[in-house]
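# Tertiary structure, described
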Amino acid sequence: MTYEFLQQYWWFLVSLLGALLVFLMFVQGANSMIFSLGRSDDERRMLINSTGRKWEITFTTLVTFGGAFFASFPLFYSTSFGGAYWLWMIILFSFVLQAVSYEFQNKLGNLLGTKTFQWFLVVNGILGPLLLGGAVATFFEGSNFIVEKNNLIDGQVTPVISHWANASHGLDALLNPWVLVFGLAVMFLARVLGVLYIMNNVSDENVRSRGSVRLIGVTVPFLILFVAYLVHLLLKDGYAYDADGLIFMAPNKYLHNFLEMWPLLVMLLVGVVLVLFGIGKTIVSKTYVRGIWPVGIGVVMVVLTLLLCAGWNGTAYYPSTADLQSSLTIENSCSSEFTLRTMAWVSLFIPFVLAYIVYAWRALDKKEITIEEIKGDSEAY
């Protein structure tokens, strides 16, 4: 395992975690539609208990994604999480709000009322995917930061390597219309996944019939926004670097990445077909409720290819709009060879962790959600 291989390997693992996180945001997508999918208190309780059995997996994946980024590419972690902290603090606050809402909405002495906490879940369901999608969009659109590695050797007591170039600390990314387009695409994608998951997991005809209607309403804006951003991405200039690490603008960089790394293009197309198949069959068939699985697999494939395209093939995965040479690549922002090599051995345990998650998932979904089961479960939300 060469140092270059380890860098590529860890970018793949981080990208895979990011792709799985996007799929698992069906929790946020379903929560954002609590009041449109569930008309009665009993229906809303079924929805909340359906997503409530999975929210910890989503939150754990988010934390693992951040931890893997910190360990393998620490300069990105310090630059983005340390510089754009207002953006990340809002994201993390919305997820904390989600956890509190699940646990306290039906507790004795709840002064705010059940519906207040349910609206908090709606807030997380909208803000979480929107802002996370916006953060991912900065991998292609760039962020306003400056990196000065010379601060490590200039005698400062507490050297600061990177800093944000303005006082917005990440919120300025939302002023870029294409960041908003991608963020909104991820938000509507989460809603698509949320509807499909609820239709598969909740055994209630009223909820499922409403889900079929809502699925059309969230699929159309998702497809429009995603196709618009994908066309923009393939036509825009990208951030490349040469053998000496010099960053430069390359025309149609991301299009060339897909053409030169053609297996990623094939994976992207297969993923898109799976997404369209799962959505289309669910809309056409009144009895098909397993659309979450082909769509989920397709989403993981599409997001994985986009993230790999952002970092592989001599591409700067975190471009700087303030100083082009401050842009981060997998070579200038990664950990030492020893750290990456040690973590590579630890990563061999990942299949066992995934196997446990699959086992726990199947155990939780052994029975479909019904109101009778919820009322008979003393631990239900």
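See the structure above.
To start, this report covers the structure provided alongside it. Position labels on residues start from 1 in each chain and follow its written sequence. The predicted nature of this model means local features are confined to residues of pLDDT at least 70 and side-chain atom pairs, given and counted, to a pLDDT of 80 or more, with totals for whole chains, interfaces and linings taken over all residues. Hydrogens and waters are ignored; side-chain quantities use all the structure's heavy atoms.

### Describing the overall build of the protein chain
- The secondary structure content of the protein chain amounts to 16 helices and 4 strands.
- Here the globule rule reads 2.2 Å times residues to the power 0.38, and the radius of gyration is calculated from C-alpha atoms. Relative to the 2.2 N^0.38 estimate, which gives 21 Å for 381 residues, the radius of gyration of the protein chain is 21 Å and therefore close to what a compact globule would have.
- Along the three orthogonal principal directions, the C-alpha set of the protein chain runs to about 65 × 45 × 40 Å.
- A buried classification covers 52% of the 381 residues belonging to the protein chain.
- Summarising the internal contacts of the protein chain: among those between residues at least 6 apart in sequence, 77% fall at separations of at least 24.
- Accessible surface area values rest on a Shrake-Rupley calculation with a 1.4 Å probe, where residue burial reflects the displayed protein chains alone. On the protein chain, roughly 17400 Å² of surface is accessible, and the fraction owed to carbon and sulfur atoms is 69%.
- Charge counting treats Lys and Arg as positive and Asp and Glu as negative, with His and both chain ends excluded. Positions of charges follow a simple convention, taking NZ of Lys, CZ of Arg, CG of Asp or CD of Glu. Between the centroid of the 22 positive side chains of the protein chain and the centroid of its 25 negative side chains there is a distance of 14 Å. Comment: elements are numbered from the N terminus, with helices defined as DSSP H or I runs of at least four residues and strands as E runs of at least two. The cut-offs for exposure are 20% and 50% of the maximum accessible area for each residue type, with area from a 1.4 Å probe on protein chains only; residues under the lower value are buried, those over the upper are exposed, and the others partly exposed. Contact between two residues is taken to exist if any of their heavy atoms lie within 4.5 Å; hydrogens are not considered.

### Focus on the packing of helix α8 (residues 114-141) against helix α13 (residues 292-311)
- Two elements in contact, α8 and α13, have axes separated by 9 Å at closest approach and are oriented at 40°. When the axis of α8 is compared with that of α13, the two are oblique. Both α8 and α13 take part in a crossing whose hand is left-handed. Contacts from Val136, Phe139 and Phe140 of α8 reach α13 at Leu306, Leu307 and Ala310.
- Among the residues making up the contact of α8 with α13, the classes are represented as 6 nonpolar, no polar and no charged. To get an axis, a line is fitted to the C-alpha atoms, and for a helix only the part in contact is used. The angle between two axes follows their N-to-C directions and goes from 0 to 180 degrees. What sets the label is the angle itself: under 35 degrees gives roughly parallel, over 145 gives roughly antiparallel, 65 to 115 gives roughly perpendicular, and the rest give oblique. Handedness of each helix crossing follows the sense of rotation of the near helix against the far helix: counterclockwise by less than a right angle gives left-handed, clockwise gives right-handed. Three categories are distinguished: nonpolar for Ala, Val, Leu, Ile, Met, Phe, Trp, Tyr, Cys and Pro, charged for Asp, Glu, Lys and Arg, and polar for the others, with Gly belonging to the last.

### Overview of the layout of surface pockets
- Estimates place the volume of the largest pocket at around 1300 Å³.
- Using protein atoms alone on a 1 Å grid, points that fit a 1.4 Å probe yet trap it form a cavity, whereas open point sets bounded by protein on both sides within 12 Å along at least five of seven lines form a pocket; residues with an atom within 4 Å of a point count as lining. Residue lining of the largest pocket: 36 residues in total, with Leu20, Ile57, Leu354, Ile357 and Val358 positioned closest to the centre.
- Where the lining of the largest pocket is concerned, the elements lending two or more residues are α1 (3-24), α5 (55-72), α9 (177-201), α13, α14 (337-346) and α15 (350-364).
- The greatest single-element share of the lining of the largest pocket, amounting to 9 residues, is contributed by α15.
- Across the lining of the largest pocket, the residue classes tally to 24 nonpolar, 7 polar and 5 charged.
- Grid points are joined across faces, edges and corners, and a volume is the space filled by probe spheres set on the points. Of the volumes computed, that of the second largest pocket is approximately 490 Å³.
- Along the walls of the second largest pocket sit 30 residues, with Phe182, Val186, Leu189, Val303 and Leu306 positioned nearest its centre.
- Looking at the lining of the second largest pocket, the elements with two or more residues in it are α1, α5, α8, α9, α10 (205-235), α12 (262-284) and α13.
- Its residues assigned to classes, the lining of the second largest pocket comprises 28 nonpolar, 2 polar and no charged.

### Digging into helix α11 (residues 253-260)
- Listed as buried for α11 are Lys253, Tyr254, Asn257 and Phe258. Looking down the long axis of α11, one finds its buried residues gathered within 140° of arc, a one-sided arrangement. Relative to its buried face, α11 has exposed residues pointing more than 90 degrees away, namely Leu259 and Glu260. The arc in question is formed by the directions pointing from the helix axis toward the C-beta atoms.

### Some words on the pattern of salt bridges
- By convention in these notes, a salt bridge is any Lys or Arg side-chain nitrogen within 4 Å of a carboxyl oxygen on Asp or Glu. Applying the stated criterion across every chain, the model contains 3 salt bridges.
- Glutamate 43 is the salt-bridge partner of arginine 210, the closest N and O atoms lying 3.0 Å from each other. Residue arginine 210 is located in helix α10, and its partner glutamate 43 is located in helix α4 (residues 41-52); the two are separated by 167 residues in the primary sequence.
- On the basis of relative accessible area, arginine 210 is assigned to the buried category, the value being 16%.
- Put simply, arginine 341 and glutamate 337 hold a salt bridge, and the shortest N to O gap is 2.6 Å.

### Section: the environment of leucine 127
- The topology assignment puts leucine 127 in helix α8.
- Residue classification places leucine 127 among the partly exposed residues on the basis of a relative accessible area of 29%.
- Between the C-alpha atoms of leucine 127 and leucine 184, which are 57 residues apart in sequence, the distance is 9.9 Å.
- Once residues within four sequence positions are removed from consideration, leucine 127 is found in contact with Ile90, Ser94 and Leu132.

### Remarks on the environment of phenylalanine 258
- Mapped onto the fold, phenylalanine 258 is located in helix α11.
- Sequence-wise, phenylalanine 258 and leucine 37 are 221 residues apart; in three dimensions their C-alpha atoms are separated by 39 Å.
- Not counting chain neighbours up to four residues away, the residues in contact with phenylalanine 258 comprise Leu234, Leu264, Leu265, Leu268, Thr305, Leu306 and Cys309.

### Details of a nonpolar patch on the surface
- A grouping of Tyr85, Trp86, Met89, Ile90 and Leu171 is seen on the molecular surface, where their side chains present a nonpolar patch of about 450 Å² in accessible area.
- Residue placement: tyrosine 85 occurs in helix α7 (residues 85-104). Nonpolar side chains (Val, Leu, Ile, Met, Phe, Trp, Tyr) within 5 Å and like charges within 9 Å form the patches, drawn only from residues with over 30% relative accessible area and no salt bridge.

### Side note on the packing of aromatic side chains
- In this scheme Phe, Tyr and Trp rings, the latter by its six-membered ring, pair at centre separations within 6.5 Å, and the angle between planes marks the pair as stacked below 30 degrees, edge-to-face above 60, and tilted otherwise. Here the structure, examined in full by the defined rule, presents 39 aromatic pairs.
- Centroid distance tryptophan 55 to tyrosine 102: 5.7 Å. Interplanar angle 15°. Geometry classified as stacked. Here the residue tryptophan 55 occupies a position in helix α5, and tyrosine 102 occupies one in helix α7, the gap between them amounting to 47 residues.
- For tryptophan 55, a relative accessible area of 8% puts it in the buried group.
- Residue classification places tyrosine 102 among the buried positions, given a relative accessible area of 1%.
- Consider the rings of phenylalanine 70 and tyrosine 77, whose centres lie 4.8 Å apart with planes at 65°: the pair is edge-to-face.

### Things to note about the state of the cysteines
- Here, two cysteine sulfur atoms that lie within 2.5 Å of each other are counted as a disulfide. As enumerated under the stated definition, the model contains 0 disulfides in all.
- With no disulfide of its own, cysteine 309 has cysteine 334 as its nearest cysteine by sulfur position, at a separation of 20 Å.

By themselves, these observations are geometric and do not establish any function.
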